[in-house]
Amino acid sequence: MDLQYKYIYELLFSVQVVFAVDSVRLLNPPEEPVPDLPLEVFYSCDAPSTVQLDWTVTFDIGESSTSLLRRWHCVPGKPRKRTLKVTLPDWLLYRPDAIVPESRWVLSCMLGASVRYRKVDSGDWMVAAQHVATLQSRLVYSRPVKRHQVCFAWSATMLSFARDRARKHCLVEQETVPLLSSIFASTGEKFGIVKNLRPYASDVLEYLRIHALAFPWSKFSVWILVTRHCQDSSCGVLHHIDSQNNYATPTVLLTQSGRLHVQVHGGPGESTAILFPHEVPLSKWCHLTVTFQGRQVTIATVCLGKKSRTVKSTENRLSHDIRLDDTDGYFVIGGGRYVKGVEGYFGPSFYDRNRASPQSSSEVVLPDVIAEVNLTGWMHACGEFSHYINQSIRFYSLLAHQSKESSNRLEMFHNEKQKYTLNTCELWEGAVPQYVTKIVQYLAFKRGRRAVSPDAVGRALYSLSLRKLDGVSSMRAFAQVLPLLLNASCLNNTAALHMSSLIYSLGLGVENEPSKAWLLALLAAQKDHRLALLRLGHLHHRGLRGVLADEDVAYAYYANLARQTTRDRQNPSPEQVYVEDIYLHDDEILNLQTNKDHHIFQWLKLQAYQGAPDAEQALARMLFWGQQGVSPNIEAALRHYERGAVRLEDPVSMYDFAIVLLQGHGVQKDIPKAIKLLKKAMDKGFVPAISALAWYYERLELDYEKAVELWERADDLGSPDAALNLGIVHSLGLYPQRPADQYMAYKYFLKAAERGHIRGAAEVADVWSTGLAGRVSRRPSDALLWAKWAAEQNGYLGRLLRRALNAFLKSDLFGSLVHYMMAAELGVAVAQFNVAYLCDQNEGDFLAPAFALHCKRRYYNLTVHNPKPEPYAFLRMGDMWYDGLVDGRKRLTPAAQMYKLAALRSEPQGWYNLGLLAEEGYRLPMPLLMELGLSQFYLADDAELRTALYKRCRDSGISDSYVPCSLALLKVHLQVFQKEYSTAIKYVVTVVAAAPVVLVVRGLVGRHVLS
């Protein structure tokens, strides 16, 4: 058949010569690329020209590459046939190995022959005739292996063997990106979940994405439950911020009327806003989707009630292209830097990057995580309970107005309330307890004609529960007060919500139920309860209690509390206490704790009375912030501040008192007096006074040049306040004769944070959460840690820690344990350690042995995984591994690891314990010795290693360890001495013992001879 084709081609070419036609033909093109191909080319031309043979390959990313194979001259005349040996590159023909490189995915390969003329005027080539043959490229690993005519080096052979043995994996690409996988409680503030996307690692997918930037085919879906319509003009649901800090496609907002506002952008000056005509209902989970199909935008909602399903949708075709570059900038669910978020909850949310698959409304079902938590079930039950309370309030208020015996009703209530036992059914499982009705009756008759609100009933229920828990010594008490707390929770008492959540989470007197604990924590956090925000941040940070780990969700909670902490510091109150990291095993710190009746406090008062400025400072600080066990008393603190500033002219007291006068904390503002004190303190060289004066010039005098001059002077001296304020003026563009500079502001914020400034930490975290385009990359993990640190300085957390410490100092070990356990559930490292320590000591056996073992094992383990763990926790974890208390087996390797970590943190007991393990015959692993800097002793004698370990213990610089470590070292030396000189000692002893025997024998022999 091929021979017939050749004859036909020759006949055709003969005809072409007669008519002088340019022509070229590949006679035997292969079906696929083959090595050393003998290719036959028939060609003719009507004028001197050039015949050219090329090959073109197209890759999976859409790129093409053309290479020249051969070129020769064509002379007019009869058709000619030329046979060529075509050699294609090895990466197209063979499987990759140590010599053949690995290629991209080849979609097609073509051989092309052409007759060309060069233009006289331009010199460019003009194609007069061409013929193209398509070759089907084989998949990379279906190609043959090349038989190389060379000897491989050993390294190349091993590399080839490793490649052949390696399993090839396709890159995992997320075409459906989870923006949120759990539930997020949105407070309606500027805190939301930030996500950024990266380009595809696959060249094919990235090529498709780039070519679809102006013609997107994608879908966004969000689950949302709105508890209150937007109080501003609009609130954030989902929005996209580009690298220029502008809104990009898509921007989904909720208006005051409860309607969705969707904004999309095209080219420059092309934007369209779409108002969804249907209102989003309150207290129902709704599945919102925004689908892009070229220029068409489809918005749909499916809202699920208890027994209903409401479906709404609109289709909008735009007159301009839609530009959606999902790698430019970042996405935000909820509130962000430029818009407040919706009040309510967000559920699982997804983004389909390269598809817009339709979904039937009947296919929309509640995700498992939403169904398990059952927020709507709680809201329904609380709605009925609140309705009952309102009816009761109206009824008893009416009775109180008509009754003349209201004064006697209070006494009657106190006498009768003990008759009613608490109903242990949960709120959603039982009827309304009778004690709730009695409390409503009590409040109605107590207030007389004044209105009673459901919130007041909730506060009364919560106060009653706290009184019942005061002084308890059993977990059963928590089960008894739980119904009170749940009823109070239903009446908007966020403290009751938070405590109920902790009871379920810790299993205090009730069964541990993580889902209910999470439900109650979400409810409290949505109402902006500080400690609930801290707890949810911790759960999402570590992925505990069944909550999915998500750094971006954790950051949103921590960032909220960090901002609140900065505001709380500006508004001190008796409910706030300075956060102090006090570890219960540190007797030196515990001995410094005091109160107003303690001898230390009385001694400080005496010193202050005698004119000691340090004593005045200490007293004022303890009373103002509630430090070292002293309850906050701002009025008393002001007296000490004033006495130190005015009478003693102490610069520290001058500064502190001036700040109080500037802000009016507990005293009337007196700015002239404050400025006078600050100037005196500055003249005495007190750096914070310089920064405070700069604040005065900036805020009150509006003299930015003077303010910046003072701040830069204070910054050079290490002031954290000065660095923060310089960052603010750079950020807002208030620096004289300079435009706003966010990068310069960031550098000052970072400096302030590193100097320990809480707001500086919050500002740095804010920058790292989104990044600065072209200057600072996004660093979500580091942003989380800064926000967490700032959040953990909150005064309401300090109050909880102080309660726990005060209970310990009063020998109320159970009360101290419970309060520390509540703080430990918030992720506070010092609380986790103190819980473990109390369970470990178990003084007076106040805990059951099984509970104490489980407790110390859990909380010591949590402690050692903190960023800055207490070394004592490593020692105790090592001891538990050694004693077989972790998994029932004595395990020396993990014990040695724990002791190593303690030793690296300058804990001499760690070195000592490692020495004991070596003394027992355990061979310390080489990696462990390398970390300790003792790798040279791995093959050395056991005594040399123990000597090195005990020397490190002795030379640690801690006086208490010197004697025991020295004795252990002496023991090693004695053992070495005994081992090395034992033979000589035995010889000397033998000789000494043998001498009298010889003398006796000689005497006997002599006597015999002589006789």
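Parameters at a glance
- For every chain, the first residue of the written sequence is number 1, and numbering continues from 1 along that sequence.
- pLDDT decides what is reported in this predicted model: residues at 70 or higher carry local features, side-chain atom pairs at 80 or more are listed and counted, and totals for whole chains, interfaces and linings draw on all residues regardless.
- Just so you know, side-chain values use all the structure's heavy atoms and leave hydrogens and water out.
- Only runs of H or I of at least four residues qualify as helices and only runs of E of at least two qualify as strands under DSSP, and these elements are numbered from the N terminus.
- Residue burial is assigned from relative accessible area. The probe radius is 1.4 Å, only protein chains are included, and a residue is buried under 20% of its type maximum, exposed over 50%, and partly exposed in between.
- The pocket and cavity definitions rest on a 1 Å grid over protein atoms only: a 1.4 Å probe that fits but cannot leave marks a cavity, an open set with protein on both sides within 12 Å along at least five of seven lines marks a pocket, and residues lining either have an atom within 4 Å of a point.
- Grid points are joined across faces, edges and corners, and a volume is the space filled by probe spheres set on the points.
- When residues are grouped by polarity, Ala, Val, Leu, Ile, Met, Phe, Trp, Tyr, Cys and Pro land in nonpolar, Asp, Glu, Lys and Arg in charged, and all others, Gly among them, in polar.
- Paired strands, in this sense, are two strands between which DSSP finds at least two bridges.
- Orientation is described by lines fitted to C-alpha atoms, with helices fitted over the stretch in contact, and by angles between N-to-C directions that extend from 0 to 180 degrees.
- Throughout this description, the term salt bridge denotes a Lys or Arg side-chain nitrogen within 4 Å of a carboxyl oxygen of Asp or Glu.
- Our angle categories are set so that under 35 degrees counts as roughly parallel, over 145 as roughly antiparallel, 65 to 115 as roughly perpendicular, and the remainder as oblique.
- The hand of a helix crossing depends on one turn: near helix anticlockwise from the far one by less than a right angle means left-handed, and clockwise means right-handed.
- By definition, residues are in contact when any of their heavy atoms lie within 4.5 Å.
- As used here, the term nonpolar core means buried Ala, Val, Leu, Ile, Met, Phe, Trp, Tyr and Cys residues forming a set that is joined through side-chain atoms within 4.5 Å.
- Stacked, edge-to-face and tilted are the three classes for Phe, Tyr and Trp ring pairs, Trp counted by its six-membered ring, which pair at centre distances within 6.5 Å; planes under 30 degrees apart are stacked, over 60 edge-to-face, the rest tilted.
- Charges are assigned to positions over rings by a cutoff of 6 Å between ring centre and Lys NZ or Arg CZ, combined with an angular limit of 35 degrees from the ring normal.
- Take the number of residues in a helix, subtract one, and multiply by 1.5 Å to get its expected span.
- As used in this structure description, the phrase polar contact means that two N or O atoms lie within 3.5 Å; if the pair is within protein, one of them must be able to donate a hydrogen and the other to accept it, and residues adjacent in sequence are counted only when both atoms belong to side chains.
- Working definition: a disulfide is two cysteine sulfur atoms within 2.5 Å of each other.
- Like-charged residues within 9 Å of one another, or nonpolar side chains (Val, Leu, Ile, Met, Phe, Trp, Tyr) within 5 Å, are grouped into patches, provided each residue has over 30% relative accessible area and no salt bridge.
- Residue burial considers only the protein chains on display, and all accessible areas are found by Shrake-Rupley using a 1.4 Å probe.

Q: Help me get a handle on the overall build of the protein, residues and values and all.
A: A count of helical and extended segments in the protein gives 36 helices and 20 strands. Sorting the 1011 residues of the protein into buried and exposed places 48% on the buried side.

Q: Outline the layout of surface pockets, listing residues and values.
A: There is about 1200 Å³ of room inside the second largest pocket. As for the second largest pocket, its lining consists of 36 residues, of which Leu466, Arg799, Leu800, Arg803 and His819 are closest to the centre. For the lining of the second largest pocket, the secondary structure elements donating two or more residues are helix H9 (454–469), helix H11 (494–506), helix H13 (530–542), helix H27 (795–809) and helix H28 (813–824). A total of seven residues in the lining of the second largest pocket trace back to one element, the largest contributor, which is H27. The class makeup of the residues in the lining of the second largest pocket is 19 nonpolar, eight polar and nine charged.

Q: Give me the lowdown on the sheet that holds strand S7 (residues 125–135), citing residues and values where you can.
A: Across a sheet, paired strands are connected by hydrogen bonds in the backbone, their directions being either parallel or antiparallel. Spatially, S4-S3-S6-S7 is the arrangement adopted by the four strands of the open sheet, whose pairing is antiparallel. Single-partner strands in this sheet number two, and they are strand S4 (64–74) and S7. Strand-to-strand, the axes of this sheet are offset by a mean angle of 20°, without reference to chain direction. Direction of pairing for strand S3 (residues 49–59) relative to S4: antiparallel, over a ladder of ten bridges. Residue pairing for S4: glutamine 52 is matched across the bridge by arginine 71.

Q: Before we move on, can you summarise unusual backbone geometry with the specific residues and values?
A: Residue proline 250 is bonded to the preceding threonine 249 through a cis peptide linkage, with omega at -5°. With respect to the helices, strands and loops of the structure, proline 250 is situated in strand S13 (residues 247–255). One non-glycine residue, arginine 545, adopts positive backbone phi at about 55°. Relative to the helices and strands, arginine 545 resides in the loop between H13 and helix H14 (551–570).

Q: Requested: an account of the pattern of salt bridges, with residues and values cited.
A: Here the structure, examined in full by the defined rule, presents 37 salt bridges. Arginine 337 serves as the salt-bridge partner of aspartate 766, at 3.4 Å between the closest nitrogen and oxygen. Of this pair, aspartate 766 sits in helix H25 (residues 758–770) while arginine 337 sits in the loop between strand S19 (330–334) and strand S20 (343–352), placing them 429 residues apart in sequence. Relative accessible area serves as the criterion here: at 23%, aspartate 766 is assigned to the partly exposed category. Owing to a relative accessible area of 30%, arginine 337 belongs among the partly exposed residues under this scheme. Arginine 946 is paired through a salt bridge with aspartate 942; the nearest N and O atoms lie 2.9 Å apart. Taken as a pair, arginine 946 and aspartate 942 lie in helix H35 (residues 942–954) at a separation of four residues, close to a single helical turn. Taking relative accessible area as the criterion, aspartate 942 reaches 34% and is therefore assigned partly exposed. Connected through shared salt-bridge partners, Glu206, Arg209, Asp325, Asp326 and Arg353 make up one network.

Q: Could you give an account of the sheet that holds S13, with specific residues and numbers?
A: The antiparallel open sheet is built from six strands, whose spatial order is S10-S19-S12-S13-S14-S15. Only two strands of the sheet have a single neighbouring strand rather than two, namely strand S10 (192–195) and strand S15 (271–279). Averaged over neighbouring strand pairs, the angle between their axes works out to 15° when direction is ignored.

Q: Account for the packing of H13 against H14, with residues named and values stated.
A: For the pair H13 and H14, the least separation of the axes is 8 Å and the interaxial angle reads 150°. The angle between H13 and H14 falls in the class roughly antiparallel. The interaxial crossing formed by H13 with H14 has left-handed handedness. Seen from H13, the contacting residues are Arg530, Leu533, Leu534, Leu536, Gly537, His538, His540 and His541; seen from H14, they are Val553, Ala554, Tyr557, Tyr558, Asn560, Leu561, Gln564 and Asp568. Partitioned by chemical class, the residues of the contact of H13 with H14 number eight nonpolar, six polar and two charged.

Q: With reference to specific residues and values, describe the nonpolar core.
A: Grouped together as the largest cluster of nonpolar side chains are 241 residues, with contacts concentrated most on Ile183 and Val457. Apart from residues no more than four positions distant in its own chain, valine 457 is found in contact with Ile389, Ile393, Ile439, Val440, Leu443, Val452 and Leu491. Among the nonpolar cores identified, the runner-up in size contains 29 residues, and Leu53, Val57, Leu84 and Leu93 belong to it.

Q: Please give an account of the packing of aromatic side chains that cites residues and values.
A: Within this structure, the stated rule accounts for 19 aromatic pairs. Consider the rings of phenylalanine 184 and tyrosine 557, whose centres lie 5.2 Å apart with planes at 45°: the pair is tilted. Here the residue phenylalanine 184 occupies a position in strand S9 (residues 184–187), and tyrosine 557 occupies one in helix H14, the gap between them amounting to 373 residues. The exposure class assigned to phenylalanine 184 is buried, which follows from its relative accessible area of 2%. Exposure remark for tyrosine 557: the relative accessible area of 1% places this residue in the buried category. Centre to centre, the rings of tyrosine 583 and phenylalanine 833 are 5.2 Å apart; their planes meet at 75°, and the pair counts as edge-to-face. Note that tyrosine 583 is positioned in the loop between H14 and helix H15 (587–590) and phenylalanine 833 in helix H29 (residues 829–841), a separation of 250 residues in sequence. Residue class for phenylalanine 833 comes out buried when judged on its relative accessible area of 0%. What links up through ring pairs into an aromatic cluster is the set Tyr583, Phe833, Tyr837, Tyr860 and Tyr872. The side chain of arginine 779 reaches across the aromatic face of tryptophan 768, ending 4.0 Å from its centre.

Q: How would you sum up empty space enclosed by the protein? Please name residues and give values.
A: Where empty space is left becomes clear once a probe the size of a water molecule has been rolled over the atoms. For the structure shown, the criterion picks out nine cavities of 30 Å³ or more. Considered as a void within the structure, the largest cavity measures approximately 100 Å³ in volume. Forming the boundary of the largest cavity are Val577, Tyr578, Val579, Glu580, Ile582, Gly798, Leu801, Arg802, Leu805, Tyr820, Val830 and Asn834. The set of elements that each furnish at least two residues to the lining of the largest cavity consists of H27 and H29.

Q: Talk me through H28; I want residue IDs and the actual numbers.
A: End to end, H28 covers 16 Å across twelve residues, agreeing with the expected 16 Å (1.5 Å per residue, within 8%). Within H28, eleven of the twelve residues are buried, which leaves it mostly tucked inside the rest of the structure. Where H28 is buried, its residues contact helix H10 (476–490), H11, H13, H27, H29 and helix H30 (849–864).

Q: Residue-level account of the side chain of arginine 116, with values.
A: Note that arginine 116 resides in strand S6 (residues 106–118). The exposure class of arginine 116 is buried, given its relative accessible area of 17%. A distance of 2.8 Å separates polar atoms of two side chains, one belonging to arginine 116 and the other to serine 114. The residues touching arginine 116, leaving out its near neighbours within four places in the chain, are Ser49, Thr50, Gln52, Asp54, Trp125, Met126 and Val127.

Q: So what's going on with the state of the cysteines? Residues and values would help.
A: Tallied over the entire structure, the rule returns six disulfides. Here cysteine 382 engages in a disulfide with cysteine 490; their sulfurs sit 1.8 Å apart. Since a negative S-S torsion denotes a left-handed disulfide, the cysteine 382-cysteine 490 link at about -110° is left-handed. You can see cysteine 382 sitting in helix H6 (residues 375–402) and its partner cysteine 490 sitting in helix H10, a full 108 residues away along the chain.

Q: Run through helix H26 (residues 780–791), naming residues and quoting values.
A: Two residues of an α-helix separated by three or four positions point the same way, owing to the 3.6 residues in each turn. With twelve residues, H26 extends 16 Å from end C-alpha to end C-alpha; this agrees with the ideal 16 Å at 1.5 Å per step. For H26, the set of buried residues is Ala783, Leu784, Trp786, Ala787, Lys788, Ala790 and Ala791. The inward-facing, buried residues of H26 contact H13, H14, helix H24 (742–754) and H25.

Q: Please give an account of the environment of tyrosine 207 that cites residues and values.
A: Here tyrosine 207 lies in helix H4 (residues 203–211). Under the relative-accessibility criterion, tyrosine 207 is labelled partly exposed at 29%. For the pair tyrosine 207 and glutamate 63, spaced 144 residues apart in sequence, the C-alpha to C-alpha distance is 9.6 Å.

Q: Which residues make up the environment of histidine 538, and what are the values?
A: Inspection of the secondary structure puts histidine 538 in helix H13. If near-sequence neighbours (up to four positions away) are discounted, histidine 538 is found in contact with Gly543, Leu544, Tyr558, Ala824, Glu825, Leu826, Gly827 and Gln832.

Q: Provide a residue-level description of a nonpolar patch on the surface, including the pertinent values.
A: Taken together, the side chains of Tyr962, Val963, Leu967, Leu970 and Leu974 present a nonpolar region at the surface, about 520 Å² in accessible area. Assignment of secondary structure puts tyrosine 962 in helix H36 (residues 962–1010). Given a relative accessible area of 47%, tyrosine 962 falls into the partly exposed group.

So yeah, pure geometry; function would need other evidence.
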